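# An overview of the molecular structure
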Amino acid sequence: GCAGRAPKPETATAVGPSLEREQVTVLLDEDRLERAKGDLPSATGSARRALAGARRGNWNDLASDAHFLLGEIFGQQRLPRQSAEAFAQALEASRRVNDRGRGIRALNALANILLDLGDYDRAFEASAQALRLARSVGDLRAQSTALNNVGDTHRFSGRLVAAMDSYREALTLAQRAGTSQDVIVILENMGSTARRQGQIEEAAEHYDDALALARRSGTPEHVANLLNALAGVRLVQQRPVDAWLLAREAVDLGRSENLRRPLPRAVQNEGLAAWAMGDRETARRALIEAVRLAGEMDDRQILAYAQWHLGRLAVESGDRDGALAALDEALKLFRGLRLAEESRRVEAERRAVKGDQP
């Protein structure tokens, strides 16, 4: 549905006693600790009090920090428009004191939120500004982050060659800076871009490199996501045994670490690999499980694909009623997601099944 404009972050009022600069700094530190504990209401309160104190003291550097922390909190609360507004205010406060470091941080964060909102033009503008500032101060990591964001704006806008050029430059800088987490993210983006270009072997190489690094220094969720991505490529390469092993590892990791978000895709890949190896019953059970897990997570894209695969498997198994039920659900979901190509293909398959009925 349509979403209205989210309200701007509440303006901190000048109520209460004035704070010393050190007290504002303590409030900002408390905010970070409260966020780390997951106590977002308390963190929000600390950030707002810090912002009020910074404004009264005319400490724009601390005001920028407070706005930035509010932006991160709003991001965790899935309030992207409020988050973008807070990062924009952090940027404005940094400009008042000509603090390039804080400005770069705010611009890169703003670009990420704008990408999530699908505002690719503004995301590109913010990333380009961040890149110019980062180059002016020689910050390799900030340059790498900005270039990665530039690559994302190109990729999401369909400019895949330009995206890959940006990612390659970002990768070189991240490797020079020694930031392994950034290297993993960039390699994953390069894999996604290469796959969209139809360069399957290159995509596999990027995912494989990212996975090897993630196993050493990444989070379990990142490892699971990369296992899923590489399993998908192995399926395209018609290497179902390799895909099965990767999918099984992702399933086991997802369950042992309680990683609810990557698990539906891992189970779906397990089913597709089993199907490719000729084991329809195992495939059917896995795809039904993927549908259930994706429904629990409200992951409509995975749910749509799992229903589609389940319908196609039912067609192959001679279960016309099951096929129609699954394809009907997939079609509704793809239309809701506005995925025109998938909707067209499912509709054609659905008509074919109906035409086969007496």
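The structure contained in this document is the topic of the report that follows. For clarity, every value in this text was computed on a predicted model and none was experimentally measured.

Conventions we followed
- Residues numbered from 1 in each chain as written.
- Predicted model: local features only at pLDDT ≥ 70, side-chain atom pairs only at ≥ 80, totals over all residues.
- Heavy atoms only, no water.
- Axes fitted to C-alpha atoms, helices over the stretch in contact; angles between N-to-C directions.
- Helix = DSSP H or I, 4+ residues; strand = E, 2+ residues; numbered from the N terminus.
- Parallel < 35°, antiparallel > 145°, perpendicular 65-115°, else oblique.
- Left-handed = near helix turned anticlockwise from the far one by under 90°.
- Contact = heavy atoms within 4.5 Å.
- Nonpolar A, V, L, I, M, F, W, Y, C, P; charged D, E, K, R; others polar.
- Buried < 20%, exposed > 50% of the residue type's maximum accessible area, 1.4 Å probe, protein only.
- Phe/Tyr/Trp six-rings, centres within 6.5 Å; stacked < 30°, edge-to-face > 60°.
- Lys NZ or Arg CZ within 6 Å of the ring centre and 35° of its normal.

On to the packing of helix α13 (residues 263-276) against helix α14 (residues 280-297), then. Close contact between α13 and α14 brings their axes to 8 Å; oriented N to C, the two are set at 165°. With respect to their mutual orientation, α13 and α14 come out roughly antiparallel. Classified by chirality, the crossing of α14 by α13 is left-handed. Here Leu 263, Pro 264, Val 267, Gln 268, Glu 270, Gly 271, Ala 274 and Trp 275 of α13 come into contact with α14, specifically with Arg 280, Thr 282, Ala 283, Ala 286, Leu 287, Glu 289, Ala 290, Leu 293, Ala 294 and Met 297. Looking at the contact of α13 with α14 residue by residue, the classes come out as 12 nonpolar, three polar and three charged.

Looking now at unusual backbone geometry. Leave glycine aside and you will find that most residues have negative phi; peptide bonds, for their part, are mostly trans. Unlike most non-glycine residues, Gln 238 shows phi in positive territory, near 60°. Following the sequence through the fold, Gln 238 ends up in the loop between α11 (220-236) and α12 (240-256). A positive phi is found at Asn 258, a non-glycine position, where the angle reads about 55°. Looking at the element boundaries, Asn 258 is found in the loop between α12 and α13. When its relative accessible area of 60% is taken as the criterion, Asn 258 is described as exposed.

Let's shift gears to the packing of helix α7 (residues 140-156) against helix α8 (residues 160-177). Packing of α7 against α8 leaves a shortest axis separation of 8 Å and a crossing angle of 165°. Taken together, the axes of α7 and α8 are roughly antiparallel relative to one another. Crossing geometry of α7 relative to α8 is assigned as left-handed. Counted together, Leu 140, Arg 141, Gln 143, Ser 144, Leu 147, Asn 148, Val 150, Gly 151, Asp 152, His 154 and Arg 155 of α7 and Leu 160, Ala 162, Ala 163, Ser 166, Tyr 167, Glu 169, Ala 170, Leu 173, Ala 174, Arg 176 and Ala 177 of α8 form the full contact between these two elements. The residue inventory of the contact of α7 with α8, partitioned by class, reads 11 nonpolar, six polar and five charged.

For the structure on display, the rule yields five aromatic pairs. Pairing Tyr 120 with Phe 156 gives two aromatic rings, centres 5.7 Å apart and planes at 35°, and the pair type is tilted. Of the two residues, Tyr 120 is situated in helix α6 (residues 120-137) and Phe 156 in helix α7; the sequence distance between them amounts to 36 residues. Relative to Phe 334, the ring of Tyr 305 lies with its centre 5.1 Å away and its plane at 80°, an arrangement referred to as edge-to-face. Of this pair, Tyr 305 sits in helix α15 (residues 300-317) while Phe 334 sits in helix α16 (residues 320-336), and the two are 29 residues apart along the sequence. Cation over ring: Arg 105 sits above Phe 68, and NZ or CZ is 4.1 Å from the ring centre.

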